[in-house]
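Coordinates in review
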Amino acid sequence: MNAAQLSSYERDGFLVLPDFLSAADCDALQARAAELVAGFDPGPTRTIFSTVDHGHARDRYFLESGGDIRFFFEEEAPDQLNKIGHALHDLDPVFGRFSRQPALAALAREIGMVQPLLLQSMYIFKHPGIGGEVGWHQDATYLHTTPVSVTGFWIALDDADRENGCLIALPGAHGGPLRKRFRRSGDAMVTEELDATPWPAVEPVPIEVRRGSLVVLHGLLPHASSANRSSRPRHAYTLHLIDGCASYGLDNWLQRADFPIRGFT
Ligand code: FE2
C-alpha cells in the first residue's frame, strides 16, 4: 500500500486493492468452499433453521460458531446457503494458509494495527436471485474492542457490482460514533443503542470491484449490500481482525472456548 492509498483509506474509511488475489487463488478458495459444502450434512442444521420454535437452538448454533466451521442458510430461501463461518481461518487448512499469508500481515501492519489478531472469517455465497440484502451497519457493532479496532478484509471471489449485490458505503462516515452494540446479556443477545446520531447525509457509494480485489473496511464505516438480483453469483471471503492492544469484551457474541484468537504467526 502506498502513501496515497493509505491517505485515501483514512479519508474514506475503505480502500479497494485491485488484483490482490490471482485468479488461481480465487479458484482455489471457491473450490475449497464447494468441498466443504459437499461434505456438509444439512439434515440437523436445516431443522434448526426451518422451524420457528427452534429459536434457542438456532441462537446456540450461531453463538458457538466463533470456534467452528458452521453453515448458515438464507432467511428467505431456507434450502440455500448464505454463508460459512466463523473460524475457517483457524480450522480449515486451505483458508488458514490463505488467511495467514505475509501479504495480509503486511497490509494489517500498514493500516496501523500493532498486534493484529484474526478474529473471524466468513465465506459468503450471495447466490444469484437469492442472496439477500445486508442492512446498513458498522462492523464494530458486532465485534467490539475498546478502543474500536475491528477491521475487515473483504475479498471478491467474483466480480461484484450493483446488480449482484456489491458493498455500498458512506465514504468518510467512519469518523462518526459507534451507533449500536450487539452483545451478550446473560443467555440472550441484545442490541443496545449507544448513540442516536443518524448516518451522515453523504451519497452512498457502490464499491464495484473485479474478482480478486480486496476491500479494506474500517470498523466504524457504515456499509451495506443489496440483494443479488442478477443471474451471476457473488462469492466473497471476509476476515475480521482486531488489535491485541485493545481489549475484547467478554460480552461479544464471538467467544472462543477451546482455542485462542491468534495473529498471523
Ligand atoms: Fe459488515
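Residues numbered from 1 in each chain as written. Predicted model: local features only at pLDDT ≥ 70, side-chain atom pairs only at ≥ 80, totals over all residues. Heavy atoms only, no water.

Quick notes on the pattern of salt bridges
Here the structure, examined in full by the defined rule, presents 14 salt bridges. A salt bridge links Arg 32 to Asp 92; its shortest N-O distance comes to 2.6 Å. Remark: Asp 92 occurs in the loop between helix H5 (88-91) and helix H6 (93-99) and Arg 32 occurs in helix H2 (residues 23-38); sequence separation between them is 60 residues. Across this residue pair, the class does not change: Arg 32 and Asp 92 are buried. The closest approach of N and O atoms between Arg 70 and Glu 64, which form a salt bridge, is 3.7 Å. Given the relative accessible area of 14%, Arg 70 is considered buried. (Salt bridge = Lys/Arg side-chain N within 4 Å of Asp/Glu carboxyl O. Helix = DSSP H or I, 4+ residues; strand = E, 2+ residues; numbered from the N terminus. Buried < 20%, exposed > 50% of the residue type's maximum accessible area, 1.4 Å probe, protein only.)

Description of the coordination of the iron ion
Protein-derived ligands of the iron ion are His 137 (NE2), Asp 139 (OD) and His 223 (NE2), with the metal-ligand distances lying across 2.1 to 2.2 Å. The sequence motif formed by the donor residues of the iron ion is H-x1-D-x83-H. As far as the burial class goes, His 137 and Asp 139 line up, both buried. (Donors = N, O, S within 2.8 Å, 3.2 Å for Na, K, Ca; no water.)

So, the environment of Phe 259
Its place among the elements puts Phe 259 in the segment after strand E15 (247-248). Taking the C-alpha atoms as reference, Phe 259 lies 9.4 Å from Asp 90; in sequence the two are 169 residues apart. Setting aside its immediate chain neighbours within four residues, Phe 259 contacts Gly 67, Ala 87, Asp 90 and Leu 91. (Contact = heavy atoms within 4.5 Å.)

As for the packing of aromatic side chains
Given two aromatic rings, one states the distance between the centres and the angle between the planes to describe the pair. Summed over the entire model, instances satisfying the criterion amount to 11 aromatic pairs. Taking 6.3 Å as the distance between ring centres and 40° as the angle between the ring planes, the aromatic pair formed by Phe 40 and Phe 73 counts as tilted. Of the two residues, Phe 40 is situated in the loop between H2 and helix H3 (42-50) and Phe 73 in strand E2 (residues 69-73); the sequence distance between them amounts to 33 residues. Measuring from centroid to centroid gives 6.0 Å for Phe 95 and Tyr 123, while their planes differ by 75°, and the two rings are edge-to-face. With Phe 95 in helix H6 and Tyr 123 in strand E4 (residues 116-124), the pair connects residues that are 28 residues apart, well separated along the chain. Classification of Phe 95 by relative accessible area gives buried; the value is 0%. Ring pairing ties together the aromatic residues Tyr 61, Phe 62, Phe 72, Tyr 142, Phe 182 and Trp 253, which thus form one cluster. (Phe/Tyr/Trp six-rings, centres within 6.5 Å; stacked < 30°, edge-to-face > 60°.)

Thoughts on the sheet that holds strand E14 (residues 236-243)
The strand order across the open sheet built from seven strands is E1-E12-E7-E14-E4-E3-E2, with neighbouring strands paired in antiparallel fashion. Every interior strand has two partners, whereas the edge strands, strand E1 (14-17) and E2, have only one. When strand polarity is set aside, the average angle formed by the axes of neighbouring strands in this sheet is 20°. As paired elements, strand E7 (residues 151-156) and strand E12 (residues 214-218) share five bridges and run antiparallel to each other. In the sheet register, Ile 155 faces E12, and the bridge partner there is Leu 214. Against the sheet, H2 engages E2, strand E3 (81-86), E4, E7 and E14, with an angle of about 100° to E3. Across the face of the sheet, helix H4 (residues 55-63) comes into contact with E2 and E3 while running at roughly 135° to E2. (Pairing = 2+ DSSP bridges. Axes fitted to C-alpha atoms, helices over the stretch in contact; angles between N-to-C directions.)

Quick look at the side chain of Thr 141
Tracing the chain through its elements places Thr 141 in the loop between strand E5 (134-137) and strand E6 (145-146). Within the local environment of Thr 141, its side chain forms a polar contact with the backbone oxygen of Lys 180, the two atoms lying 2.8 Å apart. In contact with Thr 141, other than residues within four places in its own chain, are Leu 178, Lys 180, Arg 181 and Phe 182. (Polar contact = N/O pair within 3.5 Å; in protein donor to acceptor, adjacent residues only side chain to side chain.)

Details of the side chain of Gln 120
When you line up the elements, Gln 120 lands in strand E4. The class for Gln 120 is buried, based on a relative accessible area of 5%. A distance of 2.8 Å separates a polar atom in the side chain of Gln 120 from a polar atom in the side chain of His 240. In this structure Gln 120 touches His 86, His 89, Leu 143, Thr 238, Leu 239, His 240, Trp 253 and Leu 254, once residues within four positions along its chain are discounted.

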